[in-house]
Amino acid sequence: MPYLTMGDPSYDATVEYAIGMIDAGADLLEIGIPFSDPTADGPVIQAAMVRSLAATEFTMEGLFAAVERIHTARPEVPLVFLGYMNPILNGLAASVAYGRADFSKPAADRLQYDARGALSAFLERCQKAGVRGLVIPDLPFDAPESETLREIGEELGVSQILMVAPNTGDARLQAICRAARGFIYYVTSLGVTGMRSELPPDLAERIALVQRESGLPVFAGFGFSEPGQVAGLVGKVDGIIVGSRNHQIIEELGDVAGTALVELTRGFASARCVLNSTGPASGAQALEQPGAAIRLIGPSPAFFGKSVVKPPARPNCQDYAEDPRLCPDRDSARSPGPDSSRFCF
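Every value quoted in this text rests on a predicted model; they were computed, and no experiment measured them.

Conventions adopted
- Sequence positions are assigned chain by chain, starting from 1 and proceeding in written order.
- Only residues with pLDDT of at least 70 get local features here, since the model is predicted, and only at 80 or more are side-chain atom pairs given and counted; chain-wide, interface and lining totals rely on the full set of residues.
- To obtain the side-chain values, all non-hydrogen atoms of the structure were used and water was disregarded.
- Angular values range over 0 to 180 degrees, each being the angle between N-to-C directions of two axes fitted as lines to C-alpha atoms, with helices fitted over their stretch in contact.
- The numbering of helices and of strands both runs from the N terminus, where a helix is a DSSP run of H or I of at least 4 residues and a strand a run of E of at least 2.
- Each angle receives one of four descriptions, namely roughly parallel if under 35 degrees, roughly antiparallel if over 145, roughly perpendicular if within 65 to 115, and oblique otherwise.
- Residue contacts are defined here by distance: any two heavy atoms, one from each residue, within 4.5 Å place the two residues in contact.
- The classification used treats Ala, Val, Leu, Ile, Met, Phe, Trp, Tyr, Cys and Pro as nonpolar, Asp, Glu, Lys and Arg as charged, and all other residues, Gly among them, as polar.
- Exposed residues in this analysis have more than 50% of their type's maximum accessible area, buried residues have under 20%, and partly exposed residues fall in between, with area computed by a 1.4 Å probe over protein chains only.
- Any two strands are treated as partners once DSSP identifies two or more bridges connecting them.
- Cavity means a closed set of points on a 1 Å grid over the protein atoms alone, one where a 1.4 Å probe fits but cannot get out, pocket means an open set with protein on both sides within 12 Å along at least 5 of 7 lines, and lining means a residue has an atom within 4 Å of a point.
- Grid points are joined across faces, edges and corners, and a volume is the space filled by probe spheres set on the points.
- Every case where a carboxyl oxygen of Asp or Glu lies within 4 Å of a side-chain nitrogen of Lys or Arg is listed as a salt bridge.

**Notes on the packing of helix 3 (residues 60-73) against helix 6 (residues 115-129)**
Where helix 3 contacts helix 6, the axes come no closer than 8 Å and their chain directions differ by 30°. The angle between the axes of helix 3 and helix 6 places the two elements in the roughly parallel class. Contacts between helix 3 and helix 6 involve Met 60, Glu 61, Phe 64, Ala 65, Val 67, Glu 68 and His 71 on the former and, on the latter, Phe 122, Arg 125, Cys 126, Lys 128 and Ala 129. Along the lines of polarity and charge, the residues of the contact of helix 3 with helix 6 split into 7 nonpolar, 1 polar and 4 charged.

Printed below as a string of structure tokens:
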């Protein structure tokens, strides 16, 4: 899943890059909403957001219009926003978030803030633009606004994508997994986004734990910049998120970064093609082979239908479309069960 900050270097360029990266093999696309204080992002993405916000054309409506262009061009590919609460609550219209001032109250309490109204307006606009998930790093999953967002999003088909970190405790992890929908965003390393030369030695073990607890796909982000980094995660993760490397390329090449971004995306996606070309005897055996595929989520009913439950068993049953041997229990695994509300997206 590639990440692009919308508007860096322009709306038109982002739309062009996004379509090219989807055509190169991206199964989902994460789009960053520019913000002046992106606390989870490192210097490369911070700079990308500054460049985007500096553009005279930047508006939230313009951002949504550009996202809608991507969705219209490639409607089969889910779009995911990464954004912070300030622009989510205030970016569309202040009149939505704030009611009339009550001058009988102390100054600090005079403005009646309508978080539900602001979240409803934002999520409705997401639905229209084809956005299926929201990653919000500065919104804890158990905050009241988070619960409201999930309630409204459930009706509109927009999932809050929850994050798990290396230092997330057992009790909190279990609570996050119970509340999660869509997929889990696993933060590989403590700190902010950025390119790293090494990944934690226990990464695969942690990802497996989150997969067991949630029964959902797990995407790993923070630190990936080259396809070779994922070799140790083959068969152990459902997706890789790549962001800083994309914007390093954009910073270097600007409006002509498209070819380099496509090639990088193709490099990450190429491992998936190896699985289909090798004709493995079994899914478990294939996923342990060097160079076998990391299964990214694709446009499969197993992940996007409300009446279908994503099976917790590995490998992913979407592989059945390419090779029935990869999921012999496909039909029973995909039958709605007692917890049938826990579908992906």
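That was the structure; now back to the text.
**Comments concerning the pairing of strand 8 (residues 218-221)**
Regular strands have side chains that alternate between both faces of the sheet. The alternating pattern of strand 8 places Val 218 and Ala 220 and Phe 219 and Gly 221 on opposite faces, both of which are buried. As paired strands, strand 7 (residues 184-187) and strand 8 are joined by 4 bridges and run parallel to one another. Considered in strand 8, the bridge of Ile 184 is made with Val 218. Across 2 bridges, the pairing between strand 8 and strand 9 (residues 239-240) is parallel. In the strand pairing of strand 9, Ala 220 is matched with Ile 240.

**A few points about the layout of surface pockets**
In this structure, the largest pocket occupies an estimated 400 Å³ of space. Along the walls of the largest pocket sit 20 residues, with Pro 137, Leu 139, Met 163, Val 164 and Ala 165 positioned nearest its centre. Elements that contribute at least two residues to the lining of the largest pocket include exactly strand 5 (159-161), strand 6 (163-164) and helix 8 (170-179). Class assignment for the residues of the lining of the largest pocket results in 15 nonpolar, 4 polar and 1 charged.

**Describing the pattern of salt bridges**
For the structure shown, the criterion picks out 9 salt bridges. Taking the shortest distance from any N to any O, the salt bridge between Glu 251 and Arg 51 comes out at 3.9 Å. Linking Glu 251 in helix 10 (residues 244-253) with Arg 51 in helix 2 (residues 43-54), this pair joins segments that are 200 residues apart in sequence. You can call Glu 251 partly exposed: its relative accessible area is 49%.

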